[in-house]
Structure formats: structure tokens, C-alpha cells
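Below are the chains, spelled out letter by letter.
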Amino acid sequence: MNKYSLKLHLQQELAPFTSTLKATSFDKENQQHLCNDEQTTAVYDFDAYVKERCIHPTPASPDAIHAGNKDLYFVEFKNQRAANVDKEQMQKKFRSGTQILKDLLNDFGARDCKYHFCVVLKNQTKPRYMDYRHIERSIVKFGLDALNRACGDFYDSVVTESLDFYIRTFNSLRC
């Protein structure tokens, strides 16, 4: 295992689970993809990894991992409004997914990498009268910030935003 390159370290373990953001964002219930990006590389289907490598019952986990050279993005796609997301289920995914990720990174030696937990929500239409969305943007939802502190601030950032935010922030995304 490569203990100084995040991308290579994860590739060695997760190569059989290589995927795309489009594939990992598929919402089975609504039969649609939240993101259509198939160009971003170093994306892994974390759900598939957990199903194959973890003991039963399968723990709740985020959908995808995207590994950059010095950044790791742990991504959960939610094709719904923030108000409709099950907070307890999201916290389960955060807790168990973080523990599995910590185990996966156990032999990784570089300390200058940044870890990000991202919840990608369905885009919201602009309300006709009062636009309350600016108020919601200023908070991390689902109690994930407090959970991150309880996990020893494992993640450098926890971001819960709509897909539009991620497209504006990361120019390389082709969603």
C-alpha cells in the first residue's frame, strides 16, 4: 500500500469499486440520477464496497468516495429537500461510514490531506415570495457538525448543500 499518496492508497483497496458520480447518485425510488458527471475520475462506489467487505447486517454508509491528490470527498446523494431527509439515518451513515473510512485509511501515513463529508441535496426551486434558502445555507444540517466534533474533527469540512452549490464551487463537475 502507498502510505503517502491518498489517491494511490485508495485505488489499491477500492479499484474493484470504480464508478462515476452519475452511477453513485442514482435514486432507485425515483429512477433518476442526481448528478450526470461521468468524467470525474477516482470515484468509488462506497456502498458496493461496504456490501462486499463488511459483515452483515450491512452498516449504513455514504454513496461515494472521490479521491484527489490531497483531498478526499465522502459523498452522500439525497434526491430530496433537506426537510425530507431522515436525520437519524443520515447520522447513522455518517457514524458508520466514518468508522469504515478510518479503518480503510489506517495504514495511510500522510497527514497533509483534507477530508470532506458532503451531502448533495436536490436543487430547490426559488420560492415565489420569501426566499428562505439563504438562512438554511448558513448551517450544517442533520447534526453532522456535532457528530464530526464527537469523532475528533476527522473531517476538515462538512457541507450539506444543493447540487447547484457543488457545481458552482467545483468547476470540473459536469452534473
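Residues numbered from 1 in each chain as written. Predicted model: local features only at pLDDT ≥ 70, side-chain atom pairs only at ≥ 80, totals over all residues. Heavy atoms only, no water.

Student: What's the story with the overall build of the protein in this structure? I'm lost.
Tutor: For the protein, the helix and strand inventory stands at seven helices and seven strands. Taking all 175 residues of the protein together, the buried fraction comes to 42%. Taking the contacts inside the protein whose residues are at least 6 apart along the sequence as the reference set, 67% of them involve residues at least 24 apart. Summing over all exposed atoms, the protein offers an accessible surface of approximately 9,900 Å²; the carbon and sulfur share of this is 47%. (Helix = DSSP H or I, 4+ residues; strand = E, 2+ residues; numbered from the N terminus. Buried < 20%, exposed > 50% of the residue type's maximum accessible area, 1.4 Å probe, protein only. Contact = heavy atoms within 4.5 Å. Areas by Shrake-Rupley, 256 points an atom, 1.4 Å probe, with all protein chains shown as cover.)

Student: Help me understand the side chain of Asp63, please; the structure alone is not making it clear to me.
Tutor: Along the chain, Asp63 turns up in the loop between α3 (46-53) and β4 (64-67). Put simply, Asp63 is tucked away with no salt bridge, and the nearest opposite charge, on Lys93, sits 4.6 Å away. Excluding anything up to four places from it in sequence, Asp63 contacts Thr24, Tyr44, Asp45, Phe46, Asp47, Val75, Glu76 and Phe77. (Lys, Arg positive; Asp, Glu negative; His and termini not counted. Salt bridge = Lys/Arg side-chain N within 4 Å of Asp/Glu carboxyl O.)

Student: Can you walk me through the pairing of β4 in this structure?
Tutor: Along any regular strand the residues' side chains alternate between the sheet's two faces. Burial along β4 is two-sided: Ala64 and His66 and Ile65 and Ala67, pointing in opposite directions, are all buried. As defined by bridge partners, strand β3 (residues 43-45) adjoins β4 across three bridges and the pair is classed as antiparallel. Among the inter-strand pairings, Asp45 is bridged to a residue of β4, identified as Ala64. Both β4 and strand β5 (residues 71-78) contribute to a ladder of four bridges, which runs antiparallel. Paired with Ala67 across the bridge in β5 is Leu72. Linking β4 to β5, which pair antiparallel, is a turn of three residues. (Pairing = 2+ DSSP bridges.)

Student: Could you clarify how one ought to interpret the packing of α3 against helix α4 (residues 87-104) in this entry?
Tutor: The packing of two helices is summarised by the inter-axis angle and the distance between the axes. Here α3 crosses α4 at 80°, and the two axes come no closer than 12 Å. By the angle between their axes, α3 is roughly perpendicular relative to α4. Contact residues: Phe46, Tyr49 and Val50 in α3; Gly97, Ile100, Leu101 and Leu104 in α4. Tallied by class, residues from the contact of α3 with α4 come to six nonpolar, one polar and no charged. (Axes fitted to C-alpha atoms, helices over the stretch in contact; angles between N-to-C directions. Parallel < 35°, antiparallel > 145°, perpendicular 65-115°, else oblique. Nonpolar A, V, L, I, M, F, W, Y, C, P; charged D, E, K, R; others polar.)

Student: Please explain the packing of aromatic side chains as it appears in this structure.
Tutor: Between two aromatic rings, the relevant description is the distance of the centres plus the angle of the planes. This model, assessed by the stated rule, comprises 13 aromatic pairs. Ring geometry for Phe117 and Tyr155: centres 5.5 Å apart, planes at 65°, overall edge-to-face. On the criterion of sequence distance, the pair formed by Phe117 in strand β6 (residues 114-121) and Tyr155 in the loop between α6 (144-150) and β7 (157-162) is long-range, its members being 38 residues apart. Each member of the pair Phe117 and Tyr155 is classed as buried. Measuring from centroid to centroid gives 6.3 Å for Tyr166 and Phe170, while their planes differ by 10°, and the two rings are stacked. The class of Tyr166 is buried, set by a relative accessible area of 4%. Three or more aromatic residues joined by ring pairs make a cluster, and in this case those are Phe17, Phe46, Tyr49, Phe74, Phe94, Tyr115, Phe117, Phe154 and Tyr155. (Phe/Tyr/Trp six-rings, centres within 6.5 Å; stacked < 30°, edge-to-face > 60°.)

Student: Can you help me understand α4 in this one?
Tutor: Along an α-helix, residues three or four positions apart point the same way, because every turn accommodates 3.6 residues. Over its 18 residues, α4 runs 25 Å from end to end, which matches the ideal 26 Å to within 8%, given 1.5 Å per residue. For α4, the set of buried residues is Met90, Gln91, Lys93, Phe94, Gly97, Thr98, Ile100, Leu101 and Leu104. The opening residue of α4 is Asp86, an N-cap whose side-chain oxygen sits 3.1 Å from the backbone nitrogen of Glu88. (Expected span 1.5 Å × (residues − 1). Polar contact = N/O pair within 3.5 Å; in protein donor to acceptor, adjacent residues only side chain to side chain.)

Student: Could you clarify how one ought to interpret the nonpolar core in this entry?
Tutor: What tends to happen in soluble globular proteins is that the nonpolar side chains get buried as a cluster. Ranked by size, the top nonpolar core spans 33 residues in total, and within it Leu10, Ile65, Leu101, Tyr115, Leu144 and Tyr155 carry the most contacts. Of all elements in the fold, only α1 (6-14), α3, β4, β5, α4, β6 and α6 reach the threshold of two or more residues within this core. Other than its neighbours up to four places away in sequence, Leu10 contacts Ala15, Ile65, Ala67, Leu72, Leu104 and Leu105. The next biggest cluster of nonpolar side chains, apart from the first, holds 13 residues, and it includes Tyr73, Val75, Cys118 and Tyr166. (Core = buried A, V, L, I, M, F, W, Y, C linked by side-chain atoms within 4.5 Å.)

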